[in-house]
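A structural walkthrough
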Amino acid sequence: MRSEELFNRASKILPGGVSSPVRAISPYPFYTIRAEGSRLYSVDGEELIDCCMAYGPLLLGHGHPFIKDAIRTQLEKGWLYGTPTPAELDLASLLIADYPGTEMVRFVSSGAEATMAAIRLARGYTGKPDIVKVEGGFHGAHDSVLVKAGSGAMTLGIPDSAGIVPELAAHTLQVPYNDPQALEEILSKQKEVAAFIIEPVLGNIGPILPEKGYLETVRAITLAHDVLLIFDEVITGYRLGIGGAQEKYRVRPDITTFGKIIGGGLPIGAFAGPRKIMQMISPAGPVYQAGTFNGNPLSLAAGIATLRYLHQHQEIYTMLEDGTQAIQDSLGKRERGSFVHLGSMFKYFFHPTPPHNYSEAKRSDTGRFRIFWEKMKKMGIFLPPSQFETNFLSSAHSSEDIEKIGKAYASCISE
Ligand SMILES: *Cc1c(COP(=O)(O)O)cnc(C)c1O
């Protein structure tokens, strides 16, 4: 059955025909039956160079043999026990060694769960109800963080989804990214803030990069106001380098959330911090968190294999940076919008300058993006189908792949 027919059927039994909204593509998405290395293979017989990489987890590409072996080995021993496993200690020890200041870890099953629990932890630890987040920052689909962007006076958050209790959303305040002054003002006024949660590099609208000194200033402001700083490194953890954004920008948060890469492509999330804060988590402390699939053996096996592989092959990070640089170079002077890249993350914004925050990014020409996206797809390259999702390279993208991507970009943006 071909994609169009599958989608027609799916629309009757899955809301919108998909299991997650970002996968909806008009008039219908393509259906994948196999993936390997840098490629996706569709039911329609297409072979596509994948620059979406499942939105982040697959830093080593599809079906990496080292990860596959680890999953297979674990599979033979069973995939869910409902008891502690030695692997939990292994993955936690890796995170603790790679993220200084982190002394304890709780594993969950998704990035959304990680930020949800981290926010609960911050509220439980400080005894304060409010949180501040960045406009356009994405922390998963849960009630405290689904708050409308740019809600003016920035006092009370407004739900960004039906079904969210306004009283809860009101406890989420927002500030623009790259604007330390706004954070300082809000924290001076609002005394009930438990935590500031931020993607250190905005990954779900860009990437949008931090201006020089921004993250350091954010750290200083949160310390001065006695507000916990949560770095949501679900995308950037092990992506910008082994130590994530906090290592790259040399800023240490109080709590870090992880997901995506640390599960090697299987579902995972984790949050971590110093013992004095993490001790608040149940059963050690009063902040409740639990899950049937927490620390499930298969995700841990894939995650441990991925992190070990990255430790042994740190040259991957330089290669990925060179790869996205090569794509930028191939655009030459034809560049009319702006190309932003950092390590394996890249994006072409149909906006004359690299956006500094959400409201600038939102001025991008999404109509032109749409046409560009279609052309890229026709040339055999799959990009996330939104102007506001980061593109990813993986270590499985060959130099020929990168050359093809660069050429396709150059031809598809120039018209
Ligand atoms: C993807 C993402 C999440 C949510 O992770 P899920 O595993 O999809 O729940 C949270 N924060 C950031 C920064 C993300 O990119």
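Here the structure is a predicted model, which is why all the values come from computation and not from measurement.

Here is what the cut-offs are and how they apply
- Residues numbered from 1 in each chain as written.
- Predicted model: local features only at pLDDT ≥ 70, side-chain atom pairs only at ≥ 80, totals over all residues.
- Heavy atoms only, no water.
- Pairing = 2+ DSSP bridges.
- Helix = DSSP H or I, 4+ residues; strand = E, 2+ residues; numbered from the N terminus.
- Axes fitted to C-alpha atoms, helices over the stretch in contact; angles between N-to-C directions.
- Contact = heavy atoms within 4.5 Å.
- Buried < 20%, exposed > 50% of the residue type's maximum accessible area, 1.4 Å probe, protein only.
- Near = heavy atom within 4 Å.
- Polar contact = N/O pair within 3.5 Å; in protein donor to acceptor, adjacent residues only side chain to side chain.
- Areas by Shrake-Rupley, 256 points an atom, 1.4 Å probe, with all protein chains shown as cover.
- Nonpolar A, V, L, I, M, F, W, Y, C, P; charged D, E, K, R; others polar.
- Domains from an automatic or database assignment.
- Buried area = accessible area lost by both parts, 1.4 Å probe.
- Parallel < 35°, antiparallel > 145°, perpendicular 65-115°, else oblique.
- Left-handed = near helix turned anticlockwise from the far one by under 90°.
- Expected span 1.5 Å × (residues − 1).
- Arc of directions from axis to C-beta.

**Let's talk about the sheet that holds strand β8 (residues 228-232)**
- If you trace the 7 strands from one edge of the open sheet to the other, you get β4-β10-β9-β8-β7-β5-β6, paired in mixed fashion. A single partner strand is all that each edge strand has here, and the edge strands are β4 (104-108) and β6 (172-175). Each adjacent strand pair in this sheet contributes to an overall mean axis angle of 20°, direction not counted.
- Across 4 bridges, strand β7 (residues 193-198) lies against β8 in parallel orientation. Residue I197 lies in a different strand from β8, and its bridge partner there is I230.
- Where helix α6 (residues 180-189) meets the sheet, it contacts β5 (130-134), β6 and β7, and its direction lies at approximately 150° from that of β6.

**Some words on the pairing of strand β12 (residues 345-349)**
- Of all 5 residues in β12, 5 are buried; the element is thus mostly enclosed.
- Of the two faces of β12, both are covered, the one formed by M345, K347 and F349 as well as the one formed by F346 and Y348.
- Pairing between strand β11 (residues 338-342) and β12: 5 bridges, direction antiparallel. Within β12, the position partnered with H341 by the bridge is F346.
- What sits between β11 and β12 in their antiparallel hairpin is a turn of 2 residues, with G343 showing a positive phi close to 55°.
- Looking at chain direction, β12 and strand β14 (residues 391-392) are connected through 2 bridges and run antiparallel. Bridging across to β14, M345 finds its partner in F392.

**Quick look at the site of the ligand**
- Residues in close proximity to the ligand include S110, G111, A112, F138, H139, G140, E199, N204, D232, V234, I235 and K260, which together make up its full environment.
- Contacts to the ligand include A112, whose backbone N or O atom sits 2.8 Å from an oxygen atom.
- In isolation the ligand exposes 380 Å². Once the protein is present, 82% of that is buried.
- Across the shell around the ligand, the residue classes tally to 4 nonpolar, 5 polar and 3 charged.

**Concerning the domain arrangement of the protein chain**
- Partitioning the protein chain into structural domains gives domain 1 (31-63 + 314-414) and domain 2 (65-311).
- Here the C-alpha centre of domain 2 lies 25 Å away from the C-alpha centre of domain 1.
- Counting from both sides, the interface comprises 28 residues of domain 1 and, opposite them, 33 residues of domain 2.
- Interface area, domain 1 with domain 2, both sides summed: about 2,600 Å², of which 67% is carbon and sulfur.
- Of all residues in domain 1, Y317, L342 and Y358 give up the largest surface area on contact with domain 2, accounting jointly for 24% of the area buried on that side.
- For the pair domain 1 and domain 2, the number of links is 8 residue pairs in polar contact (both at pLDDT 80 or more).
- If one sorts the elements of the side of domain 1 that touches domain 2 by residue count, β12 sits on top with 4 residues.
- When grouped by side-chain class, the residues that make up the side of domain 1 that touches domain 2 number 18 nonpolar, 8 polar and 2 charged.

**Topic: the environment of E36**
- Within the secondary structure, E36 is located in strand β1 (residues 32-36).
- Each C-alpha atom of the pair E36 and G63 lies 5.4 Å from the other, and the pair is 27 residues apart in sequence.
- With near-sequence residues (within four places) excluded, E36 lies in contact with Y41 and H62.

**With respect to the packing of helix α2 (residues 65-76) against helix α10 (residues 297-312)**
- In contact at an axis separation of 8 Å, α2 and α10 are set at 150° when each is read in the N-to-C sense. In terms of orientation, α2 lies roughly antiparallel with respect to α10. Handedness of the crossing formed by α2 with α10: right-handed. Taking contact as the criterion, the partners of F66, I67, A70, I71, Q74 and L75 in α2 are, on α10, P297, L298, A301, A302, A305, T306 and Y309.
- Residue composition of the contact of α2 with α10, grouped by class: 11 nonpolar, 2 polar and no charged.

**Some words on α2**
- Counted at 1.5 Å a residue, the expected span for α2 with its 12 residues is 16 Å, and the 16 Å between its end C-alpha atoms agrees.
- Residues of α2 that are buried: I67, A70 and Q74. End-on, the buried residues of α2 take up no more than an arc of 60°, which puts them together on one face. The outward face of α2, more than 90 degrees from its buried face, is lined by the exposed residues P65 and E76.
- On the buried face of α2, the contacting elements are α10.
- Looking one or two places after α2, you find G78, whose phi comes out positive at around 105°.

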